[in-house]
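Chain and residue survey
Here is what each chain is made of, one letter per residue.
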Number of protein chains: 4
Amino acid sequence: MSNVKIGLVGAGRMGSFHAETVAYKIPGAELAAIADPVPGAANKLAERLGCPKVYTNPEEMFADPDVDAVLIAAPARSHAKLVVAAAKEGKGVFCEKPMAVTLEEADEAIQAMRQAGVPLQVGFNRRFAAGFKEAHDDIKKGKIGTPQLMRSLTRDPGLGDPTPIPEWTIFLETLIHDFDTLLYLNPGAEPTDVYAVADALVRPDFKDKGLLDTAVVNIRFDNGAIATAEANFQAVYGYDVRGEVFGSAGMITAGDVRQTSMVRYTADGANSDTCRKDTELLHDAYVAEVTSFVECVRTGGTPYTTGEDAHRALAIALACIESVKKNAPVQVKGNTQLI
Amino acid sequence: MSNVKIGLVGAGRMGSFHAETVAYKIPGAELAAIADPVPGAANKLAERLGCPKVYTNPEEMFADPDVDAVLIAAPARSHAKLVVAAAKEGKGVFCEKPMAVTLEEADEAIQAMRQAGVPLQVGFNRRFAAGFKEAHDDIKKGKIGTPQLMRSLTRDPGLGDPTPIPEWTIFLETLIHDFDTLLYLNPGAEPTDVYAVADALVRPDFKDKGLLDTAVVNIRFDNGAIATAEANFQAVYGYDVRGEVFGSAGMITAGDVRQTSMVRYTADGANSDTCRKDTELLHDAYVAEVTSFVECVRTGGTPYTTGEDAHRALAIALACIESVKKNAPVQVKGNTQLI
Amino acid sequence: MSNVKIGLVGAGRMGSFHAETVAYKIPGAELAAIADPVPGAANKLAERLGCPKVYTNPEEMFADPDVDAVLIAAPARSHAKLVVAAAKEGKGVFCEKPMAVTLEEADEAIQAMRQAGVPLQVGFNRRFAAGFKEAHDDIKKGKIGTPQLMRSLTRDPGLGDPTPIPEWTIFLETLIHDFDTLLYLNPGAEPTDVYAVADALVRPDFKDKGLLDTAVVNIRFDNGAIATAEANFQAVYGYDVRGEVFGSAGMITAGDVRQTSMVRYTADGANSDTCRKDTELLHDAYVAEVTSFVECVRTGGTPYTTGEDAHRALAIALACIESVKKNAPVQVKGNTQLI
Amino acid sequence: MSNVKIGLVGAGRMGSFHAETVAYKIPGAELAAIADPVPGAANKLAERLGCPKVYTNPEEMFADPDVDAVLIAAPARSHAKLVVAAAKEGKGVFCEKPMAVTLEEADEAIQAMRQAGVPLQVGFNRRFAAGFKEAHDDIKKGKIGTPQLMRSLTRDPGLGDPTPIPEWTIFLETLIHDFDTLLYLNPGAEPTDVYAVADALVRPDFKDKGLLDTAVVNIRFDNGAIATAEANFQAVYGYDVRGEVFGSAGMITAGDVRQTSMVRYTADGANSDTCRKDTELLHDAYVAEVTSFVECVRTGGTPYTTGEDAHRALAIALACIESVKKNAPVQVKGNTQLI
């Protein structure tokens, strides 16, 4: 059995993390190439990880016969185009979330991949986090009955300079995780209506430049469930990701910001350290998702998180944007025939 | 120092619990009289607790000079009228929530009590629950900075026959606790806008009769905080009351459904028993609130939960009803000059 | 039904706490008299609690026909003698732990009370703490099978001036709680052997004056269970009382030093406040034990913690002292025919 | 930088787990050979993991120039001899605990490795478990002052057929982890005295064949700390490893049997799944220890857990055996000049 050779697009923070995972932690995978348009970025990472090839143009890498599949960790707005380009070369794709920022390009990407007949996986890492997966499995088995109230939240640990943050990022890049999580934890149900509010509470001075750093979303599903998703860009205590599903026969909660099992009791009370980064809190989930992708590439299996999942989460994000603009509840579009 | 003599209105479940508290658990209080229009109800409770007087007409009891102050635990829709009647006799009043179901009658009750110059306390027990009080105190001291995201929930343990449940109960009688809690945990802030969704998910067969057993409310405050309140009438695991406040400098959570410190580890995993009733989960809060009221009556002090608090929580509940009717966000009215 | 009239011996910290409980928190109980040889001590407490009578000589109070039963919270070494004196006057007795410091005086007290035919209860408050009681009930029902490994610990919050602490206090007054707890959580089993080590680690400068502020005890039971009891006089994080029983079919843990359900998440991590005093951590247990005693006096029922329980815990404490002296495991004596 | 080539001795459960770690999860490591005297055992594992060479005689593998370092996961009583043999070939050694079962062979192994001048690491995995490491670091920094009371426990999930279990296994192979943990969590202190009790409580029918499946050990240290170590071979709720250190300035606890962050609330209360296997509870620690070893082999650095650590833990285990035989406290020997 030969190794699955992975080509990485994007040598930034997340791309580098995935590259290390591929290089060192996955049975039967190898890091075959790195593409990054930033001069020197690919080289530097390739050298550190012993990766034999580098590119500045991702499309050239897609055409490289030494690459079996690609992992896209480039800026969000380039994702869909890259997926389509990789599809044309018949390469399996792991694409960081969001896979697309419009439903049209999402569908285009999905269709390109379908035609290519290779796996398309989207980086919804929470589906690979043990607590969330266990929650999903229990819910799917009906252990808490029919979901009635749901909650999912993301709190990033700190907001740096808000200048480069694209408009609507909180919905398209942050809450997209929560939208997918809610879909994951309410299996088979479809979202119908959304009401979203958002504000710049962390950096009110950037509000007139379009920053939204805090948001709360109300989502209704066709099985009756009413969900709340919330996000904030600056939790001083660390990276916080939690979920809760209350159903007709019980409740399930998942997620815990505490770093280890260690608890310290002093004159100040009982204290636990908290996780500061996503790659710390969700370390195992990040490794698991890429491991699972490599397995799909090898076997031709269907990824655990698909382009269709990306489409569905995006439909909610887009409805949020519309809702904020109108300050009114709106219907979720999407769920097209494609899906 | 002579005892504060308390007259109880309403010998039902909650009234009986408060009556026991007054009779046995409060230094310097005594249960002086019980009024209940249901034939025999007052007598039965009075006999059990050694209470010397009973009435079927509360107003007669209010006129009794052997009664210093009254505790109203009658059906919600009669509260405001009873408060006004007690005020006319100059009696201090502890009124179960909601104190009123319209802002007009709330204001009338507040004004009557002001004229009487005696304490009016409302049964917002969560303000007396140790975890919530500690949360409030920390927030007030600025320990988590300015609130940005908030959550409060109430889940009742079981829905019996829905027939006698008045319309809008979930907002006026259940979530009213959460609205007050959110005000309590966001000190000094005023609610501005509300969006509410509600449904009959526990008993969909009663939806066309007006039952709403599940609701989620989005509330915006003038300090930027965005809050979610949620309620459901049937949590199979027990009575569940929790709160969370996320601010610019940290987060605070309060509430825990687990019954005791005991944890059981067996072949089925780790297990804790959960509280099944409000009087179990919030036992100490119920005792503390009536103890505090008795102290106010004795000293003429201002209650920890006032008629004005009731007005403010009610304003949110009424905005919820309007929001559900319109399926749109609405402004919170109230906060009149009175308050 | 007339009130049970309680006479208190000892107006110190614990006596005052019990007195308030009797005066205000127990249906059908009243504080009828207080005896304390310290000039003015009884008067001061009596005045505060509206108690009509005071004595400097406890025996005179025992003879008072206005007193139905007595609560002994005097110094430990006087307990047994006081129990016998109360028995002679036919008064029911609630005696703080330890009821005696020799097996002979324990037996004398037990026999005196048997002859008097009135209830004798000992202040083993942990049997009334909800978590420990739930643990006992589960174990008794066999939910974790046969106990094999056990643990009980007591950590007092702070050691003041060690000068007045009598020799062997850590076994006779502190660990006596843990010995009783272990007996309670291993129902039906008898201790056979004990090995104890003890030291002055908090205040080594008092070691040569006989101070032992830290101790660990190994106890074997006739059903095979091996238990560890440990104590320390200075936990800077507060008052800490916990238990653990591991059996053939599972494990149970009880006790939690955290003060409320509130958790604070800041840049320093997740933090809970901790209980600082026994009357805070075990508040409800203290009230419950005296409430239960009053009920026994009224009904003539058997107390939940008896003189025989005191005898059995004392037998372990005395074995510990012998073990420390010999630095060797010793057999537990006691369990005489009396018991 | 060329890969560190690892040769494995012992293709059993633990050896296979380590082999997978080397093969797939460690940057710069490769599984170069497997030796196992059981016919076919090495072949089968080698085939699964793509390992190029197999041996039935470990010593032949030690002589193989294609092997840089070895990982010994053979039966405990063969460890020391294998370490010495590997040392003779100048191979770095990772040896599963216990490295030896007598102090003499421990010292021989240590000296052989010193002469070889290559790293010797011992499989005390708890030092690599995040919670325990964090605890050690805090204690070393003095955050809880001087340790006074300590606890460490191991509970294995299930006892199969006790027939092949060698005498004193509970001390030499199970509690050896706890002895090392206590040394790790009390940095700089030396054990002075030990008292141990042990019994066959899980399988009393095997007691006369020498089985001891339950043990409690009391250890005193030269800094005053009094520790309890306990073990049992059958915890029906899973694999349980915890530690607690109480010091003059606070307490630290580490270890948690719960599997994930997921909690399930149903009519039966609140429930968490528990870890069932050591490779589940301590998965990351197992990977971390071998990763750290590979790094030491590459750099010539000193391992985090050394032969000297093995010697010191063994000295406690041997004292336990003596204590059980004598039913008396005994002194800890060892800490020879070698160490």
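Provided above is the structure to which this section pertains.
Residues numbered from 1 in each chain as written. Chains lettered and ligands numbered in written order. Predicted model: local features only at pLDDT ≥ 70, side-chain atom pairs only at ≥ 80, totals over all residues. Heavy atoms only, no water.

Here we take up the state of the cysteines. Scanning all chains against the criterion turns up zero disulfides over all chains. With no disulfide of its own, C275(A) lies closest to C275(D) among cysteine sulfurs, the gap being 17 Å. Residue C275(A) is classed as buried on the basis of its relative accessible area, which comes to 4%. Its sulfur unpaired, C95(C) is 15 Å from the next cysteine sulfur, which belongs to C296(C). (Disulfide = S-S within 2.5 Å. Buried < 20%, exposed > 50% of the residue type's maximum accessible area, 1.4 Å probe, protein only.)

Our next topic: the interface of chain C and chain A. On the side of chain A, 15 residues touch chain C, which itself brings 14 residues to the contact. For the pair chain C and chain A, the two sides together bury roughly 1100 Å², of which 52% comes from carbon and sulfur. Our enumeration of links across chain C and chain A arrives at eight residue pairs in polar contact (both at pLDDT 80 or more). For the side of chain C that touches chain A, the elements supplying multiple residues, two or more each, are β13 (263-266) and β14 (269-272) of chain C. No other element matches the four residues that β14(C) contributes to the side of chain C that touches chain A. Its residues assigned to classes, the side of chain C that touches chain A comprises six nonpolar, five polar and three charged. Bridging between strand β14 (residues 269-272) of chain A and β14(C) involves three bridges; their strand directions are antiparallel. Residue pairing for β14(C): A270(A) is matched across the bridge by S272(C). (Contact = heavy atoms within 4.5 Å. Buried area = accessible area lost by both parts, 1.4 Å probe. Polar contact = N/O pair within 3.5 Å; in protein donor to acceptor, adjacent residues only side chain to side chain. Helix = DSSP H or I, 4+ residues; strand = E, 2+ residues; numbered from the N terminus. Nonpolar A, V, L, I, M, F, W, Y, C, P; charged D, E, K, R; others polar. Pairing = 2+ DSSP bridges.)

As a further point, take helix α9 (residues 283-299) of chain A. Count 3.6 residues to each turn of an α-helix, and residues three or four apart come out pointing the same way. All names here are of chain A. The end-to-end C-alpha distance of α9, which contains 17 residues, comes to 25 Å, matching closely the 24 Å that a straight helix rising 1.5 Å per residue would cover. For α9, every residue scored as buried is listed here: A285, Y286, V287, E289, V290, F293, V294, C296 and V297. Two residues or fewer after α9 comes G300, characterised by a positive phi angle close to 75 degrees. (Expected span 1.5 Å × (residues − 1).)

This paragraph deals with the interface of chain B and chain A. Facing the 37 residues of chain B at the interface are 37 residues of chain A. For the pair chain B and chain A, the summed buried area comes to about 3000 Å², and 61% of that belongs to carbon and sulfur atoms. When the buried surface of chain B facing chain A is broken down by residue, L149(B), L201(B) and F246(B) rank first, second and third, together holding 16% of it. The residue E244(A) makes a salt bridge to R151(B) at a minimum N-O spacing of 3.1 Å. When contributions to the side of chain B that touches chain A are tallied by element, the ones reaching two or more residues are β7 (147-155), β8 (191-199), β9 (214-221), β10 (226-232), β11 (240-247) and β12 (250-254) of chain B. The residue makeup of the side of chain B that touches chain A, split by class, is 19 nonpolar, 10 polar and eight charged. (Salt bridge = Lys/Arg side-chain N within 4 Å of Asp/Glu carboxyl O.)

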